[in-house]
Amino acid sequence: MTKDIHSRFMKEAIREARKALDSEDVPIGAVVVHEDRIVGRGHNQVELLKDPTAHAEMIAITSATATLGSKWLREATLYVTVEPCSMCAGASVLARLKRVVYGVADIKTGAHSSLFNLLNDPRLNHQIEVIPGIEKEACAALLLEFFEKLRTDKDV
């Protein structure tokens, strides 16, 4: 897959992240792509649903498995604006995703290279190809916008 294709699908994940931003949730978005077609979409809904598991990746993976009628996503790619946390990385491994493409690292909870490496841990029964840094600036800008607004609102 070329960088242009990765960029195209990451822009779809960014659209999903904007939905989270609009509902005052941390702006993380995800899409699952199978055979050049988006089969699952998700954005953070943790605050909206009051559910700590309502991460963009979890929602997108659930949507994709429902669309494809299979618990396995062996030939699918997850595009997500931020490096997956341990829960989402674990779900990616369990779903047998082929690839995870993300925008920006998460130094506090990232489970690819920031804190852990669950996506490529040889002790697990499945490893995932990972491509970081796609549309990194745009993904980071969404987070910056969200946290600046959060700080501004606290000052009011």
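Residues numbered from 1 in each chain as written. Predicted model: local features only at pLDDT ≥ 70, side-chain atom pairs only at ≥ 80, totals over all residues. Heavy atoms only, no water.

Our focus in this paragraph is the overall build of the protein chain. Scanning the protein chain for helices and strands turns up five helices and five strands. Reading the protein chain from its N end, one meets helices and strands in the order α-β-β-α-α-β-α-β-β-α. Against the globule reference of 15 Å for 156 residues, the protein chain gives a C-alpha radius of gyration of 15 Å, in line with a compact fold. With respect to the three principal axes, the spread of C-alpha positions in the protein chain is 50 × 30 × 30 Å. A burial count over the protein chain gives 47% of its 156 residues as buried. In the protein chain, the share of contacts with a sequence separation of at least 24, taken over all contacts with a separation of at least 6, comes to 58%. (Helix = DSSP H or I, 4+ residues; strand = E, 2+ residues; numbered from the N terminus. Rg over C-alpha atoms; globule rule 2.2 N^0.38 Å. Buried < 20%, exposed > 50% of the residue type's maximum accessible area, 1.4 Å probe, protein only. Contact = heavy atoms within 4.5 Å.)

Attention now goes to the state of the cysteines. Following the criterion strictly, the structure yields zero disulfides and no others. With no disulfide of its own, Cys85 lies 3.7 Å from the sulfur of Cys88, the closest cysteine sulfur. Cys88 provides the cysteine sulfur closest to Cys139, a residue in no disulfide bond, and the two sulfurs are 15 Å apart. Cys139 sits in the buried class, given a relative accessible area of 1%. (Disulfide = S-S within 2.5 Å.)

A few words on the nonpolar core. Membership of the largest hydrophobic core comes to 41 residues, with the highest contact counts inside it found for Met10, Val32, Leu73, Tyr79, Leu97 and Val100. Put simply, the parts of the chain that give this core at least two residues each are helix 1 (3–22), strand 1 (29–34), helix 3 (56–68), strand 3 (76–82), helix 4 (86–94), strand 4 (99–104), strand 5 (129–132) and helix 5 (136–155). With six residues, the top contributor of residues to this core is helix 1. Setting aside its immediate chain neighbours within four residues, Val32 contacts Arg37, Ile38, Val39, Gly40, Ala60, Ile61, Ala64, Leu73, Ala76, Thr77 and Leu78. (Core = buried A, V, L, I, M, F, W, Y, C linked by side-chain atoms within 4.5 Å.)

A separate point is the packing of aromatic side chains. What the rule picks out here adds up to two aromatic pairs. Where Phe9 meets Tyr79, the ring centres are 5.5 Å apart and the plane angle is 40 degrees; that geometry is what we call tilted. In this pair, Phe9 is assigned in helix 1 and Tyr79 in strand 3, connecting sequence segments 70 residues apart. Residue Tyr79 is classed as buried on the basis of its relative accessible area, which comes to 0%. On the numbers, 4.9 Å between centres and 85 degrees between planes, the contact of Phe146 with Phe147 is edge-to-face. Taking relative accessible area as the criterion, Phe146 reaches 10% and is therefore assigned buried. Over the face of the ring belonging to Phe9 we find Arg8, whose NZ or CZ atom lies 4.3 Å from the ring centre. (Phe/Tyr/Trp six-rings, centres within 6.5 Å; stacked < 30°, edge-to-face > 60°. Lys NZ or Arg CZ within 6 Å of the ring centre and 35° of its normal.)

Moving on to the pairing of strand 4. Strand 4 sits mainly inside the fold: six of its six residues count as buried. Handedness of the strand 3-helix 4-strand 4 crossover: right-handed. Of the strand pairs in this sheet, strand 4 and strand 5 are connected by four bridges, and their pairing is parallel. Opposite Val101, over in strand 5, you have Ile131 as the bridge partner. (Right-handed = clockwise from strand over helix to strand, strands pointing away. Pairing = 2+ DSSP bridges.)

Here the focus is the sheet that holds strand 3. Pairing is mixed across the open sheet formed by five strands, whose spatial order is 2-1-3-4-5. A strand with exactly one partner marks an edge of an open sheet, and here the two such strands are strand 2 (37–43) and strand 5. In this sheet, adjacent strand axes meet at a mean angle of 15 degrees when their direction is disregarded. Alignment of strand 3 against strand 4, held across five bridges, turns out to be parallel. (Axes fitted to C-alpha atoms, helices over the stretch in contact; angles between N-to-C directions.)

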